[in-house]
Amino acid sequence: MSKPNDFFATLAGIIVVGLVIGGLAATLQRIGNPANMGVCVACFTRDIAGALGLHRAGIVQYLRPEIPAFCLGSFLAALVFREFRPRTGSAPVIRFILGMFAMIGALIFLGCPWRAMLRLAGGDWNAILGIAGLIVGISIGVGFLRGGFNLGRSYPSRTVAGLVLPAVMFVLLILAVLYPQFGEDGRAALFRSAKGPGAASATVVASTLAGLVIGFLAQRTRFCTVGGIRDAILMRDFHLLSGVAAFLVAAFVMNVVYGQFHPGFTRGVSDAGEIINQPAAHTTHWLNFGGMILAGLSFTLAGGCPGRQVFLSGEGDGDAGLFVLGMLTGAAVAHNFMMVATQSTAPYILAIGLVLVMIIGFMGRERLAPAR
Amino acid sequence: MAENVDARGLSCPQPVILTRAALEKLGSGEVSVKVDTMTQVHNCTRAAKKLGWQARYEEQGDVFTLTFEK
């Protein structure tokens, strides 16, 4: 007989880790990552989709080392603490679709829940609309959970099933380090933005190290932005939310220290009389709000925020791995079909996505089968 | 009175929802919950302690069996 007594499982543990992740995020911005985008699981996965040529939006193509490092940091923690458990079988295709729509919703707002916090910490008040939408989306998801929604059980699987995603991420990390160029004309095997957010980055070493540390710590504490809000609404449990609050506070304080805090819905007006938006942001409030409703609902039905899905994939959860691949696909679809931010088809896909994910929510309210 | 919950293989927050439902239904006594990750051991333990239950767990292979008493 024993009982859980792990520091990382305590309230102090999650707060310390939230502070570390928030501080690292602001620091990554300071040393080169895009403004208010120190770590953004949606944006960075989208950038990776671009680097791989899955979409052709030239300003957001870069094989970000942070995402594979997140997965591998979690993988290492899971191995060290004997928590690597290959498992799969909990409605994988639905999780793939939820991953796609979570990404599409997040890209209408221009950021995952992590970046919503970082945007707020940088003074981008449009994030308030995004976070409000996130809370509404999670609340709708909680309604489904209360009504019995679940995606069924996963079951222990072959070791190789749990190793696939970490292995893919390892290859991506190698590619990020080498950034191979081949072909007679020096054509890049990977795409790389020459301007825009995709051209802004910390060094590969810094991004990789930060990603590994965050992945390791997040695996230990189960840091989850969506879970934080969900648990607070569902059962007045503020454990995970305390970590999210610490993340926000640390990012805000470090932004002030670094001179990265610029409050407002916009950054003012240029000499030519044009409104300067906050970095990688728009001011169409209903789309900021609506996009994050779709994202929040999709993440809640899938059991966690995009970061958490990456960390789970690192500890052998093949279903979370499929959610991550769904996000990668969703990012490609979103950019290829002009669904991002205020682009022409964003309102339509938002409406379609909300309807489809609600249908998944209603149809998933089935009784659990007894465990095999 | 005793109550058994099998929460193996379920995503967050299902194991906690099922555990809480069982604890609240029983009020006092002993509740046994099976989960398959340490994450859920921690989550269910935290939820049970908030409701005033004592918690312990045993690990057998791939399965953790939590026992809650009040």
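Residues numbered from 1 in each chain as written. Chains lettered and ligands numbered in written order. Predicted model: local features only at pLDDT ≥ 70, side-chain atom pairs only at ≥ 80, totals over all residues.

## Quick word on the sheet that holds strand 2 (residues 30-35) of chain B
Residues and elements named next belong to chain B. Which entries qualify depends on this criterion: When DSSP finds at least two bridges between two strands, those strands are taken to pair. Numbering of helices and strands runs from the N terminus; a helix is a DSSP stretch of H or I covering at least four residues, while a strand is a stretch of E covering at least two. Inter-axis angles, ranging from 0 to 180 degrees, are taken between N-to-C directions of lines fitted to C-alpha atoms, where helices are fitted over the stretch in contact. Distance between backbone-placed C-beta atoms decides contact: two residues are in contact if it is within 7 Å.
Across the sheet, 4 strands lie side by side as 1-2-4-3; this open sheet has mixed pairing. In this open sheet, the two edge strands, each paired with only one partner strand, are strand 1 (2-6) and strand 3 (54-60). Averaged over all pairs of adjacent strands, the angle between strand axes in this sheet comes to 15°, irrespective of strand direction. When strand 2 meets strand 4 (residues 63-69), the two strands line up antiparallel, connected through 6 bridges. Its bridge partner lying in strand 4, valine 33 is registered against leucine 66. In the packing of helix 1 (residues 14-26) onto the sheet, contacts are made with strand 1, strand 2 and strand 4, and the angle to strand 1 comes to roughly 170°. Against the sheet, helix 2 (residues 38-50) touches strand 2, strand 3 and strand 4, its axis set at about 5° to strand 4.

## Observations concerning the nonpolar core
Keep this limit in mind: Note on terminology: a nonpolar core is any set of buried Ala, Val, Leu, Ile, Met, Phe, Trp, Tyr and Cys residues joined through C-beta atoms within 7 Å. For every residue, the other C-beta atoms within 10 Å of its own C-beta are counted; 20 or more classify it as buried, 12 or fewer as exposed, and values in between as partly exposed. C-beta atoms are placed from the backbone.
Counting residues in hydrophobic clusters, the biggest one holds 121 residues, and the most contacted among them are Ile21, Cys40, Leu98, Met103, Ile104, Leu107 and Ala251 of chain A. Looking at this core element by element, the count peaks at 13 residues for helix 4 (residues 92-109) of chain A. If near-sequence neighbours (up to four positions away) are discounted, cysteine 40 of chain A is found in contact with Gly111, Cys112, Trp114 and Arg115 of chain A. Residues Val35, Val41, Ala47 and Trp53 of chain B belong to the second largest nonpolar core, which totals 19 residues.

## Some points on the environment of arginine 115 of chain A
Residue and element names in this part refer to chain A. If you trace the backbone, arginine 115 turns up in helix 5 (residues 113-121). What makes arginine 115 buried here is the crowd of 32 C-beta atoms within 10 Å. Measuring from C-alpha to C-alpha, the distance between arginine 115 and valine 41 comes to 7.9 Å, with 74 residues separating the pair along the chain. Contacts of arginine 115, omitting those with residues within four sequence positions, involve Asn36, Met37, Cys40, Ala42 and Cys43.

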